[in-house]
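Overview (structure and organization)
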Amino acid sequence: MEKRGANEAEKWRLFVAVELPPAAKEALVRLQEALRRQGLASWRWVRPEGVHLTLKFLGETPVERVPEVERAVSEAVAGTSAFEMALAEPGAFSDRRGPRVLWVGLSGDVSRLAEVQRRLEERLAATGFPREERPFSPHLTL
């Protein structure tokens with residue numbers, strides 16, 4: 001958390017995400033270790049405890065807005081029963097210089113996850129947060 005001047009409201013860098021179960025994090029650690037052994041040791045890796053499924057990045061947000069974000073999240077997930085997801089194939093986001101970000105996709109009830117994300121996007125847009133222009137692409141950044 002970064003402190004601001006007396007005339008500037010305190011802001012937090014926020015995002016809405018799904019925390020992963022320990023077994024998924026352990027599988028991702030094993031995958032990261034295997035990729036390091038295959039010549040990717042110099043890459044910057046996400047710490048296992050930091051891997052999460054981002055549903056919405058909010059950026060620098062005044063602390064006073066946290067309660068409305070919490071309400072939007074509660075409304076978006078209301079009535080949603082549990083569903084199952086699993087780790088899928090790895091992939092990469094690339095540019096003209098080559099792979100820039102390694103990730104792992106998800107399988108299972110991806111359509112239900114996308115519906116929760118869509119409802120979250122709607123609720124947060126109604127409170128003034130800008131809509132994401134890119135389509136939702138559920139993945140876990142390694």
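Residues numbered from 1 in each chain as written. Predicted model: local features only at pLDDT ≥ 70, side-chain atom pairs only at ≥ 80, totals over all residues. Heavy atoms only, no water.

Let us now look at the pattern of salt bridges. Enumeration according to the criterion identifies 13 salt bridges in this entry. Two residues, Lys 25 and Glu 19, come together in a salt bridge whose shortest N-O distance is 2.5 Å. Here Lys 25 falls in the buried class, since its relative accessible area comes to 14%. In this structure Glu 19 comes out as exposed when scored by relative accessible area, which is 55%. Here Arg 134 ties to Glu 132 by a salt bridge, and the two come within 2.9 Å at their closest N and O atoms. Judged by its relative accessible area of 61%, Arg 134 falls in the exposed class. (Salt bridge = Lys/Arg side-chain N within 4 Å of Asp/Glu carboxyl O. Buried < 20%, exposed > 50% of the residue type's maximum accessible area, 1.4 Å probe, protein only.)

What follows deals with the pairing of strand S4 (residues 98-108). Both strand S3 (residues 85-95) and S4 contribute to a ladder of 9 bridges, which runs antiparallel. Bridge pairing in S4 places Ala 86 opposite Ser 107. Connecting the antiparallel pair S3 and S4 is a turn made up of 2 residues. Both S4 and strand S5 (residues 139-141) contribute to a ladder of 3 bridges, which runs antiparallel. Across the sheet, Val 104 pairs through a bridge with Leu 140, a residue of S5. (Pairing = 2+ DSSP bridges. Helix = DSSP H or I, 4+ residues; strand = E, 2+ residues; numbered from the N terminus.)

Hydrogen bonds along the backbone pair up the strands of a sheet, which may run parallel or antiparallel. The strand order across the open sheet built from 3 strands is S3-S4-S5, with neighbouring strands paired in antiparallel fashion. Of all strands in the sheet, those with a lone pairing partner are S3 and S5, marking the two edges. This sheet shows a mean twist of 30° between the axes of neighbouring strands, independent of strand direction. With respect to the sheet, helix H1 (residues 22-40) is in contact with S3, S4 and S5, its orientation differing from that of S4 by roughly 150°. Where helix H3 (residues 110-126) meets the sheet, it contacts S3 and S4, and its direction lies at approximately 110° from that of S4. (Axes fitted to C-alpha atoms, helices over the stretch in contact; angles between N-to-C directions. Contact = heavy atoms within 4.5 Å.)

All right, on to the nonpolar core then. Leu 28, Leu 58, Leu 124, Leu 140 and Leu 142 are the most contacted members of the largest nonpolar core, which totals 24 residues. Secondary structure elements with two or more residues in this core: strand S1 (11-19), H1, strand S2 (52-62), helix H2 (66-77), S4 and H3. Take this core: its biggest share by element is 4 residues, from H2. For Leu 124, the residues in contact, after removing those within four places along its chain, are Lys 56, Leu 58, Val 69, Ala 72 and Phe 129. (Core = buried A, V, L, I, M, F, W, Y, C linked by side-chain atoms within 4.5 Å.)

Another aspect to go through is the environment of Leu 20. Looking at where Leu 20 falls in the secondary structure, it is placed in the loop between S1 and H1. Sequence-wise, Leu 20 and Asp 109 are 89 residues apart; in three dimensions their C-alpha atoms are separated by 15 Å.

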